[in-house]
Amino acid sequence: MLTSLITTKSFLLAFVLLALASSLASAFDPSPLQDFCVAIDEPKNAVFVNGKFCKDPKLAKAGDFYFSVKMPGDTNNPVGSNVSAVNVDQIPGLNTLGISAAPIDFAPYGQNPPHTHPRATEILVVLEGTLLVGFVTSNPNNTLISKVLNKGDVFVFPIGLVHFQFNIGKTNALAFAGLSSQNPGVITIADAVFGSNPPINPDFLAKAFQLDVKVVKDLQAKF
Ligand SMILES: *[C@@H]1O[C@H](CO)[C@@H](O)[C@H](O)[C@H]1NC(C)=O
Ligand SMILES: *[C@@H]1O[C@H](CO)[C@@H](O)[C@H](O)[C@H]1NC(C)=O
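Residues numbered from 1 in each chain as written. Chains lettered and ligands numbered in written order. Predicted model: local features only at pLDDT ≥ 70, side-chain atom pairs only at ≥ 80, totals over all residues. Heavy atoms only, no water.

Chemist: In this structure, what is going on with the nonpolar core? I would like to understand it.
Modeler: Soluble globular proteins tend to bury their nonpolar side chains together. Core analysis: the biggest nonpolar cluster contains 17 residues, and Phe 106, Leu 124, Leu 131, Val 133, Leu 149, Phe 155 and Phe 157 have the highest contact counts within it. At four residues, the largest contribution of residues to this core is made by strand β11 (residues 173-179). Listed in part, the six residues of the second largest apolar core include Ala 39, Val 86, Val 88 and Ala 101. (Core = buried A, V, L, I, M, F, W, Y, C linked by side-chain atoms within 4.5 Å. Buried < 20%, exposed > 50% of the residue type's maximum accessible area, 1.4 Å probe, protein only. Helix = DSSP H or I, 4+ residues; strand = E, 2+ residues; numbered from the N terminus.)

Have a look at this one:
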């Protein structure tokens, strides 16, 4: 009797904790309180909203929910890939909806370098080619979770974790990423650390990364 009482209590506690966790999870992009909320930049001096201001729904048109990506993207750059962000800046109708997309083109041996999305989990579908993908868990374990993906394979990069994609095939590759935010954000690790403006003190970075300061200055010149 006592045991079953305790079990019921811990079940209720678990239920309350789960409910709390799911309400906290929705704190990123809030659930829409209307059919849609097409973003506009006006009114300039109005109250802060978590997202963008909504257009009068009577004025919404198909173009507010539409964008066309130039395909294939130009991969003639140092990393050999091209990410076409399709978020609320491209499609104002995504405002408050908690979702966006990014088609990614890869030249042979092209890569999407280590980066993180501070506000979104990513789900990646490989449409063409062969990609080595992975993400690294947070401290202290820093476990690499990695897999080779072929056409039709789908992989998830959990929110906030550093991840990458690498075309290990001899042909072009194409993938489609869905992201759980209207504005996922991107932090490319090398650009943030070695390419900040103004630059981070090279002596500081040399100690942080256990590198010779000359190597740090070389990296800072590249990014
Ligand atoms: C990606 O491709 C588009 C369309 O071809 C091009 O305008 C853009 O400059 C490319 N971006 C990079 C980083 O190469
Ligand atoms: C992290 O590593 C520790 C020590 O090896 C281990 O006990 C723990 O289960 C690991 N945690 C995860 C989330 O893998």
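Chemist: What should I look at first to understand the pattern of salt bridges in this one?
Modeler: For side chains bearing opposite charge, pairing can occur when the charged atoms are close. Evaluation of the coordinates by the stated rule reveals six salt bridges. In this structure, Lys 151 and Glu 128 form a salt bridge, with 3.3 Å as the shortest nitrogen-oxygen distance. Of this pair, Lys 151 sits in the loop between β8 (144-149) and β9 (154-157) while Glu 128 sits in strand β6 (residues 122-128), and the two are 23 residues apart along the sequence. Overall, the relative accessible area of 39% leaves Glu 128 in the partly exposed class. (Salt bridge = Lys/Arg side-chain N within 4 Å of Asp/Glu carboxyl O.)

Chemist: What is the right way to look at the site of ligand 1 in this model?
Modeler: Near ligand 1 you find Lys 70, Gly 73, Asp 74, Asn 77 and Asn 82, and these make up its full shell. A distance of 2.9 Å separates an oxygen atom of ligand 1 from a polar side-chain atom of Asn 77. Between ligand 1 and the protein, one listed contact pairs an oxygen atom with a side-chain N or O atom of Asn 82 at 2.3 Å. Contact with the protein chains removes 45% of the 360 Å² of surface that ligand 1 exposes when unbound. (Near = heavy atom within 4 Å. Polar contact = N/O pair within 3.5 Å; in protein donor to acceptor, adjacent residues only side chain to side chain. Areas by Shrake-Rupley, 256 points an atom, 1.4 Å probe, with all protein chains shown as cover.)

Chemist: What should I look at first to understand the sheet that holds strand β3 (residues 81-83) in this one?
Modeler: Strands pair in a sheet through their backbones, by hydrogen bonds, and they do so in one of two ways: parallel or antiparallel. Sheet architecture is open: five strands sit in the order β3-β4-β11-β6-β9, paired in antiparallel fashion. Pairing within the sheet leaves two strands with one partner each, and these edge strands are β3 and β9. For this sheet, the mean inter-axis angle between neighbouring strands, taken without regard to orientation, is 20°. Of the strand pairs in this sheet, strand β4 (residues 100-106) and β11 are connected by seven bridges, and their pairing is antiparallel. Bridging from a neighbouring strand, Ser 100 pairs with Leu 179 of β11. (Pairing = 2+ DSSP bridges. Axes fitted to C-alpha atoms, helices over the stretch in contact; angles between N-to-C directions.)

Chemist: Can you walk me through the sheet that holds β8 in this structure?
Modeler: On the basis of which strands lie adjacent, the open sheet formed by five strands has the order β8-β7-β10-β5-β12 and antiparallel pairing. The open sheet has two edge strands, β8 and β12 (187-188), and neither has a second partner. Where strand β7 (residues 131-136) lies against β8, six bridges are found, and the strand directions are antiparallel. Its bridge partner lying in β8, Gly 134 is registered against Ser 146.

Chemist: What am I meant to see in a nonpolar patch on the surface here?
Modeler: On the surface, Ile 123, Val 154 and Val 156 cluster together into a nonpolar patch covering about 230 Å² of accessible area. In this structure, Val 154 sits in strand β9. (Patch = residues over 30% accessible without salt bridge, like charges linked within 9 Å, V, L, I, M, F, W, Y side chains within 5 Å.)

Chemist: In this structure, what is going on with the environment of Ala 192? I would like to understand it.
Modeler: Tracing the sequence through the fold places Ala 192 in helix α2 (residues 189-194). Distance in space between the C-alpha atoms of Ala 192 and His 115 is 9.5 Å, their sequence separation being 77 residues. Not counting the four nearest positions on each side in its chain, Ala 192 is found in contact with Ile 187 and Ile 200. (Contact = heavy atoms within 4.5 Å.)

Chemist: Is there a simple way to explain the side chain of Asn 167 in this structure?
Modeler: Among the structural elements, Asn 167 can be located in strand β10 (residues 162-167). Separated by 2.8 Å, the side chain of Asn 167 and the backbone oxygen of Thr 171 make a polar contact.

Chemist: Just checking my understanding: could you explain the packing of aromatic side chains for this structure?
Modeler: Geometry of an aromatic ring pair is reported as the spacing of the ring centres plus the angle between the planes. For the structure shown, the criterion picks out four aromatic pairs. Geometrically, the ring pair formed by Phe 194 and Phe 209 is tilted, given 5.3 Å between the ring centres and 50° between the ring planes. Placement of Phe 194 in helix α2 and of Phe 209 in the loop between α3 (202-208) and α4 (213-222) is noted, with a sequence separation of 15 residues between them. Phe 194 gets classed as buried once you look at its relative accessible area, which sits at 11%. Pairwise contacts between aromatic rings join Phe 135, Phe 155 and Phe 157 into one cluster. (Phe/Tyr/Trp six-rings, centres within 6.5 Å; stacked < 30°, edge-to-face > 60°.)

As far as function goes, none of this settles anything; it's purely spatial.
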